[in-house]
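Close look at the chain arrangement
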Amino acid sequence: MPAPRKFLESSTSLPLALDWGWNLSLYVGMLLGLLVLMLLLLWMLLKQLSNSQQSRAEKHEKAALVKNVFVCFALFPQAYRGSVRPFVNFNAKQDAEVLHRAMKGIGTDEDVVLMLLSARSNDQRQQIATEYKKAYGKALVSALKSELGGLFENLIVALMSPPASYDASQLHKALKGAGTEDDVLIEILASRTGEQMKDIIKVYKKEFNGKLEKDICSDTSGHYQKLLVILLQGSREVGVDEEKIEKDAKDLYAAGEGKFGTDEEKFITILGNRSAEHLRRVFEAYKKLSGSELEESIEGETTGNLENLLLAVVKCARSVPQFFAEGLYGSMRRAGTDDDTLMRIMVSRSEVDMLDIRACFKKAYGASLYSTIQEDTTGDYQKALLYLCGGND
């Protein structure tokens, strides 16, 4: 039997050695873990600081964009009737950089895209597109299409199209799709000036390798086709011919209410060729002669697309803004929203007469265009439309 001390030493030396080694490993592991945790916390803190600075920069950038949308309104004379105006302190290269930052990485800052583009004139947007392609080797419209979607994408792409190109594309779509979208033909041909029609014809030929008149004639017929072709020429007479006012009024009366049947040719010749100023005088003479508005005669004497086109021509002669106010109201106050019409009018009139359209809308329907858009649309699409509207009346 071993001595007590030797037994104690021999029986405890190994366990004590093992316990000490285990404790040392534990301490080292804890220290390493603590170090990793501290490094992780430091990294998170730096990242948060970086994001905070970036967020402040983005907020500052957005605030500047919002300010830019409204500040330039005071810099233009009241004669300017568009809601979208050329931005005064314009820098195409800088705007291209802002758009690039808004679209790079995961996700897109849609607010930056819509606020910037809605605060620039169409001509300025074309310059931004040129600078964007120079800097990043990609077409801006292609970049926008890859980042956006739905109605918002369609609206932004429409804003990036030059006016004549946009009208030409809308006409091509109306003629080449399944059936003919006569509402589009009527809206554009009844409301555009002679110079605008000439530009549209040139762009249509260049972009679609075809003749607009030929395509219209292929899709339409009769008196309706004839009036469309006359309007397409963009060659209305200039000024008022005092000697023709009474004669034109009597001829229109004799061609409709004053006879059995209708002489459509007379309506087409007078309404398709006289100036808007002259026609307004004719309308006054017609009412004195017949006791009713010319629109009533048109509604009673004609039907279908010819009736709609004649009415559009008369309404545009009276007031183009009122014509578009009616179009906007009709696009929203029905079962479902006609987004194609809503978008087309908002885009095409934003630099022309949107302020007058808003006034006509409020007077005719008792509600502002702004609030009506709010009720009928949603999301980024709604925001962009509201910026194009330019304010609440």
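Since the structure is predicted, the reported quantities are computational estimates derived from the model, not experimental observations. Counting starts from 1 at the beginning of each chain's written sequence and moves along it residue by residue. Note on the predicted model: pLDDT of at least 70 is required for a residue's local features to be given, and 80 or more for side-chain atom pairs to be given and counted; whole-chain, interface and lining totals, by contrast, use all residues. Side-chain metrics rest on all non-hydrogen atoms present in the structure, leaving aside hydrogens and water.

**Brief notes about the packing of aromatic side chains**
- Here a pair means two rings of Phe, Tyr or Trp (six-membered ring of Trp) with centres within 6.5 Å. Their orientation is stacked below 30 degrees between planes, edge-to-face above 60, and tilted elsewhere. Following the criterion strictly, the structure yields seven aromatic pairs and no others.
- Look at Tyr132 and Tyr136: their rings are 5.0 Å apart centre to centre, the planes differ by 55°, and that puts the pair in the tilted class. One end of the pair, Tyr132, and the other, Tyr136, are both in helix α4 (residues 122–136), four residues apart, so they sit about a helical turn from each other.
- Burial classification: accessible surface area is computed with a 1.4 Å probe over protein chains only, and a residue below 20% of its type maximum counts as buried, one above 50% as exposed, and the rest as partly exposed. The partly exposed category is assigned to Tyr136, whose relative accessible area is 29%.
- Look at Tyr204 and Phe208: their rings are 5.3 Å apart centre to centre, the planes differ by 55°, and that puts the pair in the tilted class. Taken together, the positions of Tyr204 and Phe208, both in helix α9 (residues 194–208) and four residues apart, correspond to about one turn of that helix.
- Taking relative accessible area as the criterion, Tyr204 reaches 0% and is therefore assigned buried.
- Classification of Phe208 by relative accessible area gives partly exposed; the value is 26%.
- Through a chain of ring-to-ring contacts, the aromatic side chains of Tyr329, Phe361 and Tyr365 assemble into a single cluster.
- In this structure, Arg120 is placed above the aromatic ring of Phe87, and the distance from its NZ or CZ to the ring centre is 4.1 Å. For helices the rule is a DSSP run of H or I covering at least 4 residues; for strands it is a run of E covering at least 2, with both sets numbered from the N terminus onward. In our convention, an over-ring charge means Lys NZ or Arg CZ found within 6 Å of a ring centre and within 35 degrees of that ring's normal.

**A word on a nonpolar patch on the surface**
- The patches reported here contain residues having more than 30% relative accessible area and no salt bridge. Joining distances are 9 Å for like charges and 5 Å for nonpolar side chains (Val, Leu, Ile, Met, Phe, Trp, Tyr). Note on areas: these come from Shrake-Rupley sampling with a 1.4 Å probe, and a residue is covered only by the protein chains present in the view. By convention in these notes, a salt bridge is any Lys or Arg side-chain nitrogen within 4 Å of a carboxyl oxygen on Asp or Glu. Where nonpolar side chains cluster on the molecular surface, the patch consists of Leu34, Leu37, Met38, Leu40 and Leu41 and spans about 490 Å² of accessible area.
- Inspection of the secondary structure puts Leu41 in helix α1 (residues 4–71).

**Focus: the nonpolar core**
- In terms of nonpolar packing, the biggest core is built from 97 residues, with Leu271 and Met346 touching the most fellow members.
- Here this core gets nine residues from one element, more than from any other, and that element is helix α16 (residues 304–318).
- Should any heavy atoms of two residues lie within 4.5 Å, those residues are counted as being in contact. In this structure, Met346 is in contact with Leu328, Met354, Leu369, Ile373, Leu385, Leu388 and Cys389, ignoring residues within four places of it in sequence. Only buried residues count toward a nonpolar core. Its members are Ala, Val, Leu, Ile, Met, Phe, Trp, Tyr and Cys residues joined through side-chain atoms within 4.5 Å.

**Considerations on unusual backbone geometry**
- A positive phi angle, near 55°, is found at Asn209, a position not held by glycine.
- Along the polypeptide, Asn209 turns up in the loop between α9 and α10 (212–219).

**What to know about the confidence of the model for the protein chain**
- One confidence number per residue, pLDDT, is output by the predictor and ranges from 0 to 100. Mean pLDDT over the protein chain works out to 87, with 83% of the residues at or above the 70 mark.
- Counting interchain partners and residues more than four positions distant, the pLDDT-below-50 stretch residues 69–74 has 11 contacts.

**Focus on the pattern of salt bridges**
- Under the defined criterion, the tally for this structure stands at 22 salt bridges.
- The partner of Lys247 in a salt bridge is Asp251, with the nearest N and O atoms 2.8 Å apart. Of this pair, Lys247 and Asp251 both sit in helix α12 (residues 242–255), four residues apart, which is roughly one turn of the helix.
- Across the pair Glu375 and Arg333 runs a salt bridge whose closest N-O atoms are separated by 2.6 Å. Here Glu375 is found in helix α20 (residues 369–376), whereas its partner Arg333 is found in the loop between α17 (320–332) and α18 (339–349), with 42 residues between them in sequence.
- Residue Glu375 is classed as exposed on the basis of its relative accessible area, which comes to 57%.
- Take Arg333: its relative accessible area is 34%, and that puts it in the partly exposed class.

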